[in-house]
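# Remarks on the overall topology
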Amino acid sequence: DMVSDNRTLVTEFIILGFRNVREIELLLFATFLLIYALTFTENVAIILVIGMDYRLHTPMYFFISNLSFIDIGYTTVTVPKMLANIAIQSQTISITGCFTQLYIFFFLGSTECFLLTSMAYDRYLAICKPLHHTTIMDHRTCLWLALGCWLGGFLAPALPTAFIFRLPFCGSNIINHFFCDSPPLLELSCQDIFEIEVINFVVGTTVLMSSFILTMISYIFIVATILHVPTAEGRSKAFSTCASHLTIVTIFYGTSVFMYIRTKTIQTFDFNKTVSVFYSVVTPVLNPVIYSLRNNDIKQGMRKVL
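Residues numbered from 1 in each chain as written. Predicted model: local features only at pLDDT ≥ 70, side-chain atom pairs only at ≥ 80, totals over all residues. Heavy atoms only, no water.

Worth spelling out the cut-off: UniProt positions are given in the numbering used here, feature names are shortened, and annotations may be inferred rather than shown by experiment.
As recorded in an unreviewed UniProt entry, the protein goes by the name Olfactory receptor, listed as coming from Himantopus himantopus. UniProt lists a comment for the protein under the heading Sequence similarities (unreviewed entry), and it reads "Belongs to the G-protein coupled receptor 1 family."

The following block contains the structure:
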């Protein structure tokens, strides 16, 4: 339906951020700046170590370096803008800037879903089919899988973003969030958003649940195989190769499912903001730590390279 002429169409948005906690904004600024610097440094270090240490040129580390690229992108698309908002007290973002941020964020999130699934498949082959692992997961297969993950991630948010982009926005232009996320953005439209919510839900559910189910199937086979390993040491060694990946899968899907698989937007946006901080800012800084803490190969590589 057409927007009536006496209402002005919105040309830019105001990102509220954490304005309701003005007194601790400086503390927030310092914290987010530190986290961003750490995320960037850790992930770049992991990419360099994996690239430069020939022993780490295996499928698992190839996927980990892809994950590091995603984590750098994930935080770069949200945190610098948020830091600028706090620093210069300017919270405006153009409609184009807003939709670019929204699209890139979901592109990287979807890519991570698919990538975690590919990593689970790699772990399944390594543990359940060890003799065939290197022949199935050769260099070419890894490249095609990674390319598929990035392409799938690129295509997944195209339809929902295109539909949201066509919405008329009039009246309030204040986004109660620290970046352009779809639930608070949809709230501002002066058109019925039911169809778009359904599209969002269907696409989000398809991406999350298909990758989650495939990951879980891999782990059911992995656990079954590990339980048949005769020695406790063998079981422990087999499980330790999956522990890092399983930790990241749990954190990623736990927060993503909570945030996006909901037909109706929950109104407590301040609570949503906190959850969003966890998976868009905290998780990318945790991933390299989770992988390198439990991993002697990466530790040795770090010593050699750094």
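Having seen the model, we can carry on.
## As for the overall build of the protein
Here is the rule we go by: Only DSSP runs of H or I reaching four residues or more are called helices, and only runs of E reaching two or more are called strands; each is numbered from the N terminus. The reference for a compact globule is 2.2 Å times residues^0.38; the radius of gyration itself is calculated from the C-alpha atoms. Classification of residues uses two cut-offs on accessible area relative to the type maximum, computed with a 1.4 Å probe and protein chains only: under 20% is buried, over 50% is exposed, and between them is partly exposed. Only heavy atoms enter the contact rule, under which two residues are in contact if any of them lie within 4.5 Å. In this charge count, Lys and Arg are treated as positive and Asp and Glu as negative; neither His nor the chain ends contribute. The atoms used to mark charge sites are NZ of Lys, CZ of Arg, CG of Asp and CD of Glu.
If you tally the helices and strands in the protein, you get 12 helices and 3 strands. Relative to a compact globule of 306 residues, whose C-alpha radius of gyration would be 19 Å, the protein shows 21 Å and is just as compact. C-alpha atoms of the protein, sized along the principal axes, occupy 75 × 40 × 30 Å. When each of the 306 residues of the protein is scored for burial, the buried share is 48%. Counting contacts in the protein only where the partners sit at least 6 residues apart, residues at least 24 apart contribute 80% of the total. Here the protein carries 18 positive and 19 negative side-chain charges, and the mean point of each set is 10 Å from the other.

## Thoughts on the sheet that holds strand β2 (residues 92-94)
What counts here: Here a strand pair is declared whenever DSSP counts at least two bridges between the two strands. Note on geometry: axes are lines fitted to C-alpha atoms, helical ones only across the stretch in contact, with angles between N-to-C directions running from 0 to 180 degrees.
Strands sit in the order β2-β1-β3 across an open sheet of 3 strands; the sheet is mixed. The sheet is open, and its two edges are formed by β2 and β3 (174-175), each paired on a single side. With 3 bridges joining them, strand β1 (residues 12-15) and β2 adopt antiparallel strand pairing. Looking across to β2, one finds that I14 is bridged to T92. Across the sheet, helix α4 (residues 95-128) touches β1, β2 and β3, and the angle it forms with β2 is around 85 degrees.

## Quick word on the packing of aromatic side chains
Cut-off, in case you're wondering: The criterion for an aromatic pair is that two Phe, Tyr or Trp rings (for Trp, the six-membered ring) have centres within 6.5 Å, with stacked assigned to planes under 30 degrees apart, edge-to-face to planes over 60 apart and tilted to the rest.
The final tally for this structure, using the stated rule, is 17 aromatic pairs. Summarising the aromatic geometry, the rings of Y36 and F40 are spaced 6.2 Å apart at their centres and angled 50 degrees between planes, so their arrangement reads as tilted. Here F40 and Y36 lie together in helix α1 (residues 25-52), a separation of 4 residues that amounts to about one turn. Its relative accessible area of 40% is what places F40 among the partly exposed residues. Consider the rings of F105 and F179, whose centres lie 4.5 Å apart with planes at 45 degrees: the pair is tilted. Here F105, found in helix α4, pairs with F179, found in the loop between β3 and α8 (182-186); they are 74 residues apart in sequence, far enough to count as distant. In this structure, F105 and F179 share a single accessibility class: buried.

## Regarding the UniProt feature "transmembrane region" (unreviewed entry) in the protein
Here the UniProt-annotated "transmembrane region" (unreviewed entry) positions come out as residues 26-49, 61-82, 102-121, 142-165, 207-227, 239-261 and 276-293. With 100% helix and 0% strand, the stretch residues 26-49 has end C-alpha atoms that lie 34 Å from each other. Between the C-alpha atoms that bound residues 207-227 there is a distance of 30 Å. The span itself is 100% helix and 0% strand.

## Some points on the environment of G234
Checked against the element boundaries, G234 lands in helix α10 (residues 232-260). Residue G234 is classed as partly exposed on the basis of its relative accessible area of 23%. Through-space distance from the C-alpha of G234 to that of G51 is 29 Å; in sequence the pair is 183 residues apart.

## Quick word on the confidence of the model for the protein
For clarity, the cut-off: Looking at any residue, its pLDDT shows the predictor's confidence there, from 0 to 100.
Here the protein averages 86 in pLDDT, and 91% of its residues register 70 or above. A low-confidence stretch, residues 1-7 (pLDDT under 50), is modelled with 7 contacts involving residues beyond four sequence positions or located in other chains.

## Focus on the environment of Y219
Note that Y219 resides in helix α9 (residues 194-227). By relative accessible area, Y219 is classed as buried at 6%. For the pair Y219 and Y253, spaced 34 residues apart in the sequence, the C-alpha separation amounts to 15 Å. For Y219, the contacting residues outside a window of four places in its chain are A120, C242, H245 and L246.

## Some remarks on the packing of α4 against helix α6 (residues 139-155)
We apply this condition: A crossing counts as left-handed when the near helix is turned anticlockwise from the far one by less than a right angle, and as right-handed when that turn is clockwise. Just so you know the grouping, Ala, Val, Leu, Ile, Met, Phe, Trp, Tyr, Cys and Pro go in nonpolar, Asp, Glu, Lys and Arg go in charged, and all remaining residues, Gly too, go in polar.
In the contact formed by α4 and α6, the axes pass within 7 Å of each other and the chain directions differ by 150 degrees. Helix-helix and strand crossings are classified by hand; for α4 and α6 the assignment is right-handed. Touching Y103, F106, F107, L108, S110, T111, F114, L115, S118 and Y121 of α4 are L145, C149, W150, G152, G153, F154 and L155, all from α6. Residue classes in the contact of α4 with α6 are distributed as 12 nonpolar, 5 polar and no charged.

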